[in-house]
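The residues making up each chain are set out below.
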Amino acid sequence: MIMMELTEILFNPWLRGILGLCLMGAIFMGAMLVVWFERKLAADVQQRLGPSRVGPHGIFQLVADAIKLLTKEDIIPANADKLLFVFGPMVLMGSIFLMLVAIPFGAVIINGDTYPIAATDMDISVLYIEAVSAVSVIGIFMIAYSSNNKYSLLGAFRNFARMIGYEVPLGICVVSVAIMAGSLNIIDIAQAQNPLWFIIKQPIGFVVFFIALMADMGRLPFDQNESEEELIAGWITEYTGMRFGLGFFAEYIHMMLGSMLVVLLFLGGWNLPTVLTSNMLLGIILPTAFFLGKVSLVILTIIMIRWAVPRFRIDQVVDLSWKKLLPLSLLNLGWVIALVLLGV
Amino acid sequence: MSGIIDTSNIIYSYIPVAIILVVALLMPPMTMLLVKQLSPRSKSLAKYETYEAGSVPIGNARIQFNVEYYLYAIAFVLFDIEVLFLYPWATIFKEPNITTIATIEMLIFIFVVLFGYLYLIKKEALKWQK
């Protein structure tokens, strides 16, 4: 009886929306931690101290930064297109948080039933996630075009060139995963990897997807739209104070959601052997902890890559996607078709 | 079991989407409103100038300029639509009585597009225009 009521609450879409708002808050906190973590790790790589003054090991540095950004004057340049300048960050934020709605943040397993912690459940969530994440490019272009700054515009054009290259291999890899799971629902895809993760079944697909996703998120070595050595700050040069902060945060949230996507599509999601989750308490805690642990490892990898490799030139980036990743992703698609037809 | 929302009514899946969208769109203006209360104002015309490494900006940024990846963009439209056709196929792929015919049809489709891709490479369309 209690279980029945619980299920009814879980089915309520309005309560799901409130859960989504909680997840939004959680990811903001998470993004703050990740920024601190990245600065600390970068300092370690370069044998510096990193943030160390605000709080133990500088963990509250981001709170201080947020206060600083909030108290900075908001400047809209005289030559800027005011309407687009204001709406650009809204489009960017909207696209990033629409991604968040469909992504599960873990799962709770009670009596063998899995309840994913996600704001919504739709049949086509992978397609939906790809679609809304592509909208962020439009937000970035609005920001850059409205600034009326040459550096910004160059950054935005590079952003388009990169997006054009990497959307296709990314899409083909997602299709390969969907074929193997037999569904476009991201929760079903995560469940389908119960004994064997998809990274083992389609390693090429994982490599292509990971590289394409890094490019999609604009992480170094693919941050040609920002490349601070040549373009000041690229697409966001004219933004100051909190307006800059919003764009900056959007990038970090995009990175976290992207890492979750990698774990859900290729690294087995929250699946654990049934022995571990049959216990009530462990079933509630372990799957989510396992999932978030893997997400942190992916984030760690992405950050380490950023501080270990130099930036590519834009034509090299575009060449990499069209001449190497696209054929490789098609090869992976063929491999997956063969595997499924052979009944593996 | 994976259904966490009653998907019999498709609107139910999208109510949370609408809620989050409204909050996400309201967030930047709300933050800027807060900033307006907190931040100082200074009177200076120089701060409204476009930043161009310290010198006075020359001309407008919105000029006609050569986009080196025009042909890539055309190819992108083709390939992205190809991927879109793959999505519905991927979901029905495992249904037993259509697998064979669906596979053959889709392989023909992929090979046609693949020939187009090889043609693009041969024509050197996928080459950064200098």
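Residues numbered from 1 in each chain as written. Chains lettered and ligands numbered in written order. Predicted model: local features only at pLDDT ≥ 70, side-chain atom pairs only at ≥ 80, totals over all residues. Heavy atoms only, no water.

Enquirer: In this structure, what is going on with the overall build of chain A? I would like to understand it.
Expert: Scanning chain A for helices and strands turns up 14 helices and 2 strands. Computed over the C-alpha atoms, the radius of gyration of chain A is 21 Å, within 12% of the 20 Å expected from 2.2 N^0.38 for a compact globule of 344 residues. For chain A, the spread of C-alpha atoms along the three principal axes comes to 60 × 45 × 45 Å. Looking at chain A residue by residue over its 344 residues, the buried ones come to 59%. For chain A, restricting intrachain contacts to residue pairs at least 6 apart in sequence, the fraction spanning at least 24 positions comes to 79%. Accessible surface, chain A: about 13,200 Å² in total, of which carbon and sulfur atoms supply 72%. Taking the 20 positively charged and 24 negatively charged side chains of chain A as two groups, their mean positions are separated by 9 Å. (Helix = DSSP H or I, 4+ residues; strand = E, 2+ residues; numbered from the N terminus. Rg over C-alpha atoms; globule rule 2.2 N^0.38 Å. Buried < 20%, exposed > 50% of the residue type's maximum accessible area, 1.4 Å probe, protein only. Contact = heavy atoms within 4.5 Å. Areas by Shrake-Rupley, 256 points an atom, 1.4 Å probe, with all protein chains shown as cover. Lys, Arg positive; Asp, Glu negative; His and termini not counted. Charge placed at Lys NZ, Arg CZ, Asp CG, Glu CD.)

Enquirer: I keep staring at the pairing of strand β2 (residues 113-116) of chain A and nothing clicks. Help me out?
Expert: Consecutive side chains of a regular strand alternate in pointing toward one face of the sheet and then the other. Residue and element names in this part refer to chain A. Relative to β2, strand β1 (residues 107-110) runs antiparallel, the two sharing 4 bridges. By the bridge assignment for β2, Val108 is matched with Tyr115. Where β1 folds back on β2, the antiparallel hairpin that results is connected by 2 residues, among which Asn111 adopts a positive phi of roughly 50°. (Pairing = 2+ DSSP bridges.)

Enquirer: When you look at the packing of aromatic side chains in this model, what are you seeing that I'm missing?
Expert: Residues and elements named next belong to chain A. Summed over the entire model, instances satisfying the criterion amount to 19 aromatic pairs over all chains. Plain terms: the ring middles of Phe248 and Tyr252 are 5.1 Å apart, the flat faces sit at 50° to each other, and that makes the pair tilted. Within this pair, Phe248 and its partner Tyr252 are both found in helix α11 (residues 241-265), separated by 4 residues, close to a single helical turn. (Phe/Tyr/Trp six-rings, centres within 6.5 Å; stacked < 30°, edge-to-face > 60°.)

Enquirer: What should I look at first to understand unusual backbone geometry in this one?
Expert: Peptide bonds are mostly trans, and most non-glycine residues show a negative phi. Residue and element names in this part refer to chain A. For Gln47, which is not glycine, the phi torsion reads 55° and is therefore positive. Topologically, Gln47 is positioned in the loop between α2 (13-45) and α3 (61-70). If you check the backbone angles, His57 has positive phi at about 55° while not being a glycine. By the element assignment, His57 lies in the loop between α2 and α3.

Enquirer: What's the story with the interface of chain A and chain B in this structure? I'm lost.
Expert: By a widespread convention, an interface's size corresponds to the accessible area lost as its parts come together. With 91 residues of chain A at the interface, the matching set in chain B holds 70 residues. Each partner contributes to the roughly 7,200 Å² buried at the junction of chain A and chain B, and carbon and sulfur atoms together form 74% of this total. Area buried by chain A at its contact with chain B is led by Glu73, Lys150 and Trp322 of chain A, which between them contribute 9% of it. The interface formed by chain A and chain B holds 1 salt bridge in total. (Buried area = accessible area lost by both parts, 1.4 Å probe. Salt bridge = Lys/Arg side-chain N within 4 Å of Asp/Glu carboxyl O.)

Enquirer: Even after reading the chapter, I still don't get helix α1 (residues 10-38) of chain B, so can you show me in this structure?
Expert: The α-helix advances 3.6 residues per turn, and as a result positions three or four apart in sequence lie on the same side. Over its 29 residues, α1 of chain B runs 44 Å from end to end, which matches the ideal 42 Å to within 8%, given 1.5 Å per residue. The axis of α1 of chain B is deflected most strongly, by about 35°, at Met27 of chain B, and proline Pro28 of chain B appears within four residues downstream. What α1 of chain B keeps buried is the set Ser13, Ile15, Pro16, Val17, Ile20, Ala24, Met27, Pro28, Thr31, Met32 and Val35 of chain B. Buried residues along α1 of chain B sit against α2, α3, α4 (82-102), α5 (125-147) and α11 of chain A. (Expected span 1.5 Å × (residues − 1). Bend = angle between axes of the 7 residues up to and from the residue.)

Enquirer: Can you walk me through α3 of chain A in this structure?
Expert: Residues Gln61, Leu62, Asp65, Leu69 and Leu70 of chain A constitute the buried set of α3 of chain A. Buried positions along α3 of chain A lie against α2 and α11 of chain A together with α1 of chain B.

Enquirer: Can you help me understand the nonpolar core in this one?
Expert: Here is a general trend for soluble globular proteins: nonpolar side chains tend to be buried in one another's company. One finds Phe97, Phe209, Leu257, Trp322 and Leu333 of chain A to be the most contacted residues of the largest nonpolar core, which totals 129 residues. The element contributing the most residues to this core is helix α6 (residues 150-181) of chain A, with 18 residues. With residues near it in sequence (within four places) discarded, Phe97 of chain A still touches Met24, Ile27, Phe28 and Ile253 of chain A together with Ile20, Ala24 and Met27 of chain B. (Core = buried A, V, L, I, M, F, W, Y, C linked by side-chain atoms within 4.5 Å.)

Enquirer: Looking at this structure, how should I read the pattern of salt bridges?
Expert: Close approach of charged atoms allows side chains of opposite charge to pair. Enumeration over the complete set of coordinates arrives at 8 salt bridges over all chains. Arg41 of chain B is the salt-bridge partner of Glu73 of chain A, the closest N and O atoms lying 3.5 Å from each other. On the criterion of chain membership, the pair formed by Glu73 of chain A in the loop between α3 and α4 and Arg41 of chain B in the loop between α1 and α2 (70-92) is interchain, its members lying in two chains. With a relative accessible area of 14%, Glu73 of chain A lands in the buried category. Of the charged contacts, one joins Arg313 of chain A and Asp315 of chain A as a salt bridge, the two residues approaching to 3.0 Å between their closest N and O atoms. One continuous salt-bridge network, built from bridges that share partners, spans Glu38, Arg219 and Arg306 of chain A.

Enquirer: Which parts of the structure should I look at to understand the side chain of Glu238 of chain A?
Expert: The topology assignment puts Glu238 of chain A in the loop between α10 (228-231) and α11. Within the buried core, Glu238 of chain A has no salt-bridge partner, and the shortest N-O distance to an opposite charge, that of Lys150 of chain A, equals 9.8 Å. Those residues in contact with Glu238 of chain A that lie beyond four places of it in its chain are Ile75, Pro77, Phe85, Ser147, Asn149 and Ser152 of chain A together with Glu49, Thr50 and Tyr51 of chain B.

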